[in-house]
4 protein chains.
Amino acid sequence: MEFERLSSIPTRTPRRFNSKQNGSKVNVALVGLGYWGPNLLRALFELPDVEVSYICDLDPDRLERFGRRYPSARPTRDFENLLADPHVDAVIIATPVFSHFGLASRALQSGKHVFVEKPLASTSAEAGELLELADSMDRAIMCGHTFLYSPAVREVKRIIQSGDLGEIYFISSSRVNLGLHQRDVSVVWDLGPHDFSILLYWMDEMPEWVGAVGRDSVVKGIPDVAFIDLGFPSGALSHIELSWLAPSKLRRTVVVGSQKMVVYDDSSSEPVRVFDSGVEYEDPETFGQYQLSYRTGDILSPKLDTTEPIITELTDFVQGVRQGVAPAGNPTLARNVVHLIEAAESSIEERGVPVQIDSPVAHTAR
Amino acid sequence: MEFERLSSIPTRTPRRFNSKQNGSKVNVALVGLGYWGPNLLRALFELPDVEVSYICDLDPDRLERFGRRYPSARPTRDFENLLADPHVDAVIIATPVFSHFGLASRALQSGKHVFVEKPLASTSAEAGELLELADSMDRAIMCGHTFLYSPAVREVKRIIQSGDLGEIYFISSSRVNLGLHQRDVSVVWDLGPHDFSILLYWMDEMPEWVGAVGRDSVVKGIPDVAFIDLGFPSGALSHIELSWLAPSKLRRTVVVGSQKMVVYDDSSSEPVRVFDSGVEYEDPETFGQYQLSYRTGDILSPKLDTTEPIITELTDFVQGVRQGVAPAGNPTLARNVVHLIEAAESSIEERGVPVQIDSPVAHTAR
Amino acid sequence: MEFERLSSIPTRTPRRFNSKQNGSKVNVALVGLGYWGPNLLRALFELPDVEVSYICDLDPDRLERFGRRYPSARPTRDFENLLADPHVDAVIIATPVFSHFGLASRALQSGKHVFVEKPLASTSAEAGELLELADSMDRAIMCGHTFLYSPAVREVKRIIQSGDLGEIYFISSSRVNLGLHQRDVSVVWDLGPHDFSILLYWMDEMPEWVGAVGRDSVVKGIPDVAFIDLGFPSGALSHIELSWLAPSKLRRTVVVGSQKMVVYDDSSSEPVRVFDSGVEYEDPETFGQYQLSYRTGDILSPKLDTTEPIITELTDFVQGVRQGVAPAGNPTLARNVVHLIEAAESSIEERGVPVQIDSPVAHTAR
Amino acid sequence: MEFERLSSIPTRTPRRFNSKQNGSKVNVALVGLGYWGPNLLRALFELPDVEVSYICDLDPDRLERFGRRYPSARPTRDFENLLADPHVDAVIIATPVFSHFGLASRALQSGKHVFVEKPLASTSAEAGELLELADSMDRAIMCGHTFLYSPAVREVKRIIQSGDLGEIYFISSSRVNLGLHQRDVSVVWDLGPHDFSILLYWMDEMPEWVGAVGRDSVVKGIPDVAFIDLGFPSGALSHIELSWLAPSKLRRTVVVGSQKMVVYDDSSSEPVRVFDSGVEYEDPETFGQYQLSYRTGDILSPKLDTTEPIITELTDFVQGVRQGVAPAGNPTLARNVVHLIEAAESSIEERGVPVQIDSPVAHTAR
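What counts, and at which threshold
Residues numbered from 1 in each chain as written. Chains lettered and ligands numbered in written order. Predicted model: local features only at pLDDT ≥ 70, side-chain atom pairs only at ≥ 80, totals over all residues. Heavy atoms only, no water. Contact = heavy atoms within 4.5 Å. Buried area = accessible area lost by both parts, 1.4 Å probe. Salt bridge = Lys/Arg side-chain N within 4 Å of Asp/Glu carboxyl O. Polar contact = N/O pair within 3.5 Å; in protein donor to acceptor, adjacent residues only side chain to side chain. Helix = DSSP H or I, 4+ residues; strand = E, 2+ residues; numbered from the N terminus. Nonpolar A, V, L, I, M, F, W, Y, C, P; charged D, E, K, R; others polar. Pairing = 2+ DSSP bridges. Axes fitted to C-alpha atoms, helices over the stretch in contact; angles between N-to-C directions. Expected span 1.5 Å × (residues − 1). Phe/Tyr/Trp six-rings, centres within 6.5 Å; stacked < 30°, edge-to-face > 60°. Buried < 20%, exposed > 50% of the residue type's maximum accessible area, 1.4 Å probe, protein only. Lys NZ or Arg CZ within 6 Å of the ring centre and 35° of its normal. Least-squares fit on C-alpha atoms with pLDDT ≥ 70 in both. Disulfide = S-S within 2.5 Å. pLDDT = per-residue confidence, 0-100.

As a further point, take the interface of chain B and chain D. Accessible area lost upon the coming together of the parts serves often as the stated size of an interface. Listed per partner, the contact involves 10 residues of chain B and 10 residues of chain D. Taken together, both faces of the contact between chain B and chain D bury some 910 Å²; the carbon and sulfur share is 42%. Contact with chain D buries surface across chain B, with Asp298(B), Ile299(B) and Lys303(B) losing the most and accounting together for 46% of the total. Among the salt bridges present, the one from Glu270(D) reaches Arg273(B), with a minimum N-O distance of 2.7 Å. Our enumeration of links across chain B and chain D arrives at 8 residue pairs in polar contact (both at pLDDT 80 or more). In terms of residue count, the dominant contributor to the side of chain B that touches chain D is strand E14 (residues 291–301) of chain B (6 residues). Considering only residue class, the side of chain B that touches chain D consists of 3 nonpolar, 3 polar and 4 charged.

Spelled out as structure tokens, the structure:
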């Protein structure tokens, strides 16, 4: 019943693993060359201690195209090929969501460490199974929640942890733009993982309930807009607007605390802005009326470092492979993200009736 | 069960009324000199065919201050005084919400026409009673939903009515700023009337259900942030974010249609922007897959006229007094706004479970 | 040849004056009820220790209108009337520029303290005469450079004085909008006083030269756009764009220093923004190449106080009247502003050839 | 004395050239792999009818790096190598400015068509010589003024040509950001070519005079900020602010016409905005005063096509090579850009005294 607090896990406990000795390169295979795979591929080639030995896709054209660009990586259409190669330490999976569970579990069973693009799996049950499998096979499993490596997201996390914001009253977020509709999954599965992962990272607690409404405006059966509310045990409320239908791109999250407020806007040249604003509440002494006073102070846009999130993320995975364990908290968080997507989808189907999140971490024995 | 369509009421049917003959001035009394009253007072003095004969407030200081500024208006603390004066045609009420019903019904019973600031009353039952009373007394009752006289809001209405937007998929709105907490009512009662009235005006239909969550962050028992969803019979979805806790003022409404999209931003120098953007959906011929294509075109900020809404609004009321009937649709809309506030508050109390709007216009016989 | 440094004048030296004893109200007459006069009037009525005894204008309609609004002020069309009244301590002049010298010198000669709207006079010679006259009559003369009382302008002054910006490299300013063309004077006379006064206040030195080009786009003979460059003894360069022809209002000044940069934008909700950005220059040790490194750091929008500049300004004048001397530096600055306007106009006539500012402060013995 | 009007040259007159027969690929060599060269290289590889046979740079590291990325292009440090190869049709030069003349004239003398990055040469005399040499050798010379292929710049050109703006009153432009200082040339040589080329393209006339002031704030002798004014025969005025020292990137050009105004902002998501705003001037009938009225109307952000300028530009060059002549107007415009840079630099040295542009096109016989 406890939510594994991301920030409270101080050190990683290395275990016995088959991973490479220090010094040698980590050998990886990339599976899936669609929308996101090529970004991972490019980034992997920028890492000094990684060797990409295979690229795998069902589409021969893509295989040929990327094979030409990266001649040192062996192209293959057969996933079993790379699993059978004992030199391959880890498999990076960037295929459509429905295939994540099948591919990842096969890879784990074959003794590979696994990196899966978000969301981790199509159901939280499958996500939980993957975590258990990784555990029993003593292999690392990590999900590509890249935003957790964004300097802006980490700066907000730092500010929250510092206590500067005071109590978090609520977090309101909009993630909208025109397109790109997914054919098989709703906007909640497509864009939700970003906000859910950021929320879990910042709040370090699992919501108690999720309510959501949505509409399948363009393609029947596939919601392309959703308004999601989440309630946290601490009392914090959160609202997320997701949409593939919008006149202009918007990525804006407001964190309202009792002491300060933060605006995180990914598409701005100043992605984090800290407002020294708040309301002071003065309790009436005896029977008098309470007093409110509003405080607006300086606004600060802190300088952020400019590391590329995908590079930091993959570096973290590679280090995890060496140490034989995924970055602390990541697998649980990834599983919980799937849980929240499921809950939001359920609530949408029930036209907004909130869904209780009963036992968010039942599957995590680790 | 029918929703009285604002736009479908072509002409006003004048009835027998005690109102003044054409040519002479309409004689009004203003009640309430708090936050909004002085604005009404200033505007009333700018109208050529209005005479303000009384200003009324319980606070002697305010009475004295405004008495000095407007020496032609008689100051009084006694509401009955002005009701007793047969020269007074109409009473303008700008007092706290809880007193609206009492004052307005007394004024109607005394044969006065009545203008009440928004929201019309504290409950939809009271609002309905006021409508019935006005009807039985043959007097006009109008609620000060000033935004319906904003050139920007009317331009969006015009665009929607023209059909240019196609089907309305959804409307998403944010109305937030730091302060000012009301002592007795929630942010839904304070800011909700703006968005609810605009929505009803634009959509010309009453929602079927309302779901909302909120939080009383600062003062226990008084929600200062609320996230509200509404579902319309046409299929349109709407979302409204209301808050007294925000790092900066935001008034932004996005209307997403199947053909075009509109952004209405009250605090911008270009309050209406029309985006010629959309998604084309092509049905598969037989068993093939559907095709989506995205279209982004010109963006237009139409020139808006610069009339001051409060002036147009009061002119409309004065004209109504002359004709013996309130502007078409206004009382019903005002009553329905109260109904939506009640529904949103109920849903907040039930932690987000949506509330059905059964018989939105049961009380409107007219 | 010396420029009287505004910031280096530590205290005011009170002289013998006819002004009122402490405690009693300062008695003023306002002359000119056109565009700006009513603002001054409204503000004067908000000051607790001021009594407006006269309002004066040639237009009977205006006199009547404002006479009704402010019945305690005597309306008059005859300037000599109020000069003759021994109870009048000070005259506030808000008439067209060409009349400033005549009215102000008459008032000074009559023993009144004088507040003149900007610019102080039509020529720097006349401006100098006014200063001398005030000096010889032992009366205060002050020019209404309201921007010097703007909290944002003063915050930038504070930052500059603190040395945080390092050396001031250059200051670039745009002050443009659509309208309002003046009938008798160019955009330099109309908008220039704002920027010139701010520059002199910030830089605390008089430019050595002024170059300018302009165009009389709409009305022949009256430039409606001007691009002005100024060179300061410290090496600082300044550029000012002034225009009555612009698609949208812009008031933006950038101060680039060697250590930090400041953006002052009067029309923004964050009028002052401090950028911790700069370029580090490293001298080559021997014959090697120099090194440059760019630094971009935090951005800060400091909280500004919200006092209304016109109130602070008039309070300063009233205090000056009591003490018998204008706020330190103000008259000289006002005279120098006229000097800069003249120089810019000369340069425009010579199609951009820069004009040397020979002896900027020859007239200021004080 | 005539300025070759870009828009008035209707068709290209093909001449006898050694260029390839239609159908076969144009064979090019790229010289210079510094800042911009790699962009050209990447774009050249995307063109279907181009073969890059050589890449040339003095730095062996760069040669090796890009050699690995583009194995089909032969790397060489010796410029003469590629000139000697008869298969090479054209040479693309992206080296520092000082070397443009030497390399381009050698290439022309060797019978190659030449594409030179902007600015064309270090002096207008050299630029003129290159044009003459290309003429006498019957080879195409083109300068890489990429902005002339930007969809936004072309849309503004289209609007100007349509006459919708009326008379062009003035054009005001800012192109500033923090960095990157050039070691050998001023900000005028670095950023000026962008604005000068755009101005010449839009205005289709050469300025009569140029005035400029600047400052070498950081590195002595190398101005890093410049304010430039230009006067056109049509009466249009233009102002350009260039700087490597700015708190934030700004690329904003305002074109003010008698009928409409346009804002072109390269860094905005709406790069072109057309304001239907203006001033109407009504001449007095007899001795009365003129009347001015201000008009503000719709604002339109036209949809722009999304072609990449560098691709269109190189396609134009390749087509020019096939036809044996550079895109009409380009060489003259490029030469005139150098002329304007020289004039601006002269004026800066003379502290702002404007420089007359005597015979802007003396060198262009063609």
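That shown, we press on.
With that out of the way, let us pick up the sheet that holds strand E4 (residues 90–93) of chain D. Residue and element names in this part refer to chain D. Taken in spatial order, the 6 strands make up an open sheet running E3-E2-E1-E4-E5-E6, and their pairing is parallel. Strands at the two margins of the open sheet, each flanked by one partner only, are strand E3 (74–76) and strand E6 (141–144). The average undirected angle you get between the axes of adjacent strands in this sheet is 20°. Relative to strand E2 (residues 50–56), strand E1 (residues 26–31) runs parallel, the two being bridged by 6 bridges. In the sheet register, Asn-27 faces E2, and the bridge partner there is Glu-51. Where helix H2 (residues 60–69) meets the sheet, its contacts fall on E2 and E3, and the angle it forms with E2 comes to roughly 155°.

On to the sheet that holds strand E4 (residues 90–93) of chain B. Residue and element names in this part refer to chain B. Read from one edge to the other, the open sheet built from 6 strands follows the order E3-E2-E1-E4-E5-E6, with strand pairing classed as parallel. Lying at the two open borders of the sheet, with one neighbouring strand each, are strand E3 (74–76) and strand E6 (141–144). Recorded for the sheet is a direction-independent mean angle of 20° between the axes of neighbouring strands. Bridge count for strand E2 (residues 50–56) against E3 is 3 bridges, and the pairing is parallel. Residue pairing across strands places Cys-56 opposite Thr-76, the latter belonging to E3. Against the sheet, helix H2 (residues 60–69) contacts E2 and E3, and its axis sits at roughly 155° relative to E2.

Turning to helix H6 (residues 151–162) of chain B, a few remarks are in order. Because each turn of an α-helix spans 3.6 residues, side chains separated by three or four positions end up pointing in the same direction. Residues and elements named next belong to chain B. End to end, H6 covers 16 Å across 12 residues, agreeing with the expected 16 Å (1.5 Å per residue, within 8%). As for H6, its buried residues are in contact with strand E7 (168–176), helix H7 (187–203), strand E11 (250–257), strand E12 (261–265), strand E13 (272–282) and helix H8 (309–323). Downstream of H6 by a residue or two, Gly-163 has a phi angle that is positive, lying close to 85°.

Turning our eyes to something else, we now look at the arrangement of the chains. One finds no contact between chain B and chain C; the C-alpha atoms of the two approach each other to within 8 Å at their closest. When C-alpha atoms are compared, chain A and chain D, though not in contact, are closest at a spacing of 8 Å.

This part covers the packing of aromatic side chains. Here the structure, examined in full by the defined rule, presents 20 aromatic pairs over all chains. Both rings, one in Tyr35(C) and one in Trp36(C), keep their centres 6.3 Å apart while their planes meet at 40°; by these two values the pair is tilted. Under the relative-accessibility criterion, Tyr35(C) is labelled exposed at 71%. Centroid distance Phe115(C) to Phe317(C): 5.4 Å. Interplanar angle 65°. Geometry classified as edge-to-face. Taken together, the positions of Phe115(C) in strand E5 (residues 113–117) and Phe317(C) in helix H8 (residues 309–323) put the pair 202 residues apart, joining distant regions of the chain. Residue Phe115(C) shares its accessibility class with Phe317(C), and that shared class is buried. Above the ring of Trp36(C), the side-chain terminus of Lys118(C) is found at 5.2 Å from the ring centroid. Residue placement shows Arg175(D) over the ring face of Phe147(D); its charged tip is 4.8 Å from the ring centre.

Listed per partner, the contact involves 55 residues of chain A and 55 residues of chain B. Here chain A and chain B share an interface that buries about 4600 Å² over both sides, 65% of which is from carbon and sulfur atoms. Per-residue buried area on chain A facing chain B is highest for Arg183(A), Arg215(A) and Pro247(A); these three make up 16% of the total on that side. Linking chain A with chain B are 2 salt bridges, by the criterion used here. The partner of Arg215(A) in a salt bridge is Glu167(B), and the shortest N-O contact between them spans 2.6 Å. Along the contact surface separating chain A from chain B lie 11 residue pairs in polar contact (both at pLDDT 80 or more). For the side of chain A that touches chain B, the secondary-structure elements that each account for two or more residues are strand E7 (168–176), strand E8 (209–215), strand E9 (225–231), strand E10 (237–243), strand E11 (250–257), strand E12 (261–265), strand E13 (272–282) and strand E14 (291–301) of chain A. Looking at the side of chain A that touches chain B residue by residue, the class counts come to 30 nonpolar, 16 polar and 9 charged.

Note on the identical chains: chain A maps onto chain B by a rotation of 180° and an axial translation of 0.0 Å, with an RMSD of 0.0 Å. The symmetry that links the two subunits is that of a two-fold axis. Ranked by how close their C-alpha atoms come to the rotation axis, the residues of chain A are headed by Val353(A), at 2.5 Å. A shared binding surface is used by both copies, with 100% of the interface residues of chain A retained as interface residues in chain B.

Residues and elements named next belong to chain B. Inspection of the entire model under this criterion finds 0 disulfides over all chains. Between Cys-56, a free cysteine, and Cys-143, which holds the nearest cysteine sulfur, the sulfur-to-sulfur gap is 19 Å. Classification of Cys-56 as buried rests on a relative accessible area of 4%.

Of the transformation placing chain B onto chain D, the axial shift is 0.0 Å and the rotation is 180°, giving an RMSD of 0.0 Å. By residue overlap, the copies meet face to face through one surface: 100% of the interface positions of chain B are interface positions in chain D.

Now for the pattern of salt bridges. In the structure shown here, the tally under the stated rule is 60 salt bridges over all chains. Through salt bridges with shared partners, a single network forms among Glu270(A), Arg273(A), Glu270(C) and Arg273(C).

With that settled, the discussion passes to the confidence of the model for chain A. All names here are of chain A. Per-residue confidence for chain A gives a mean pLDDT of 90, with 91% of residues at or over 70. Scored below 50 in pLDDT, residues 6–22 makes 39 contacts in the model with residues more than four places away or belonging to other chains. In this model, residues 361–366 is a region of pLDDT below 50 whose contacts with residues beyond four sequence positions or in other chains number 16 contacts. In the predicted complex, the global pTM is 0.92; the interface-specific ipTM is 0.92.

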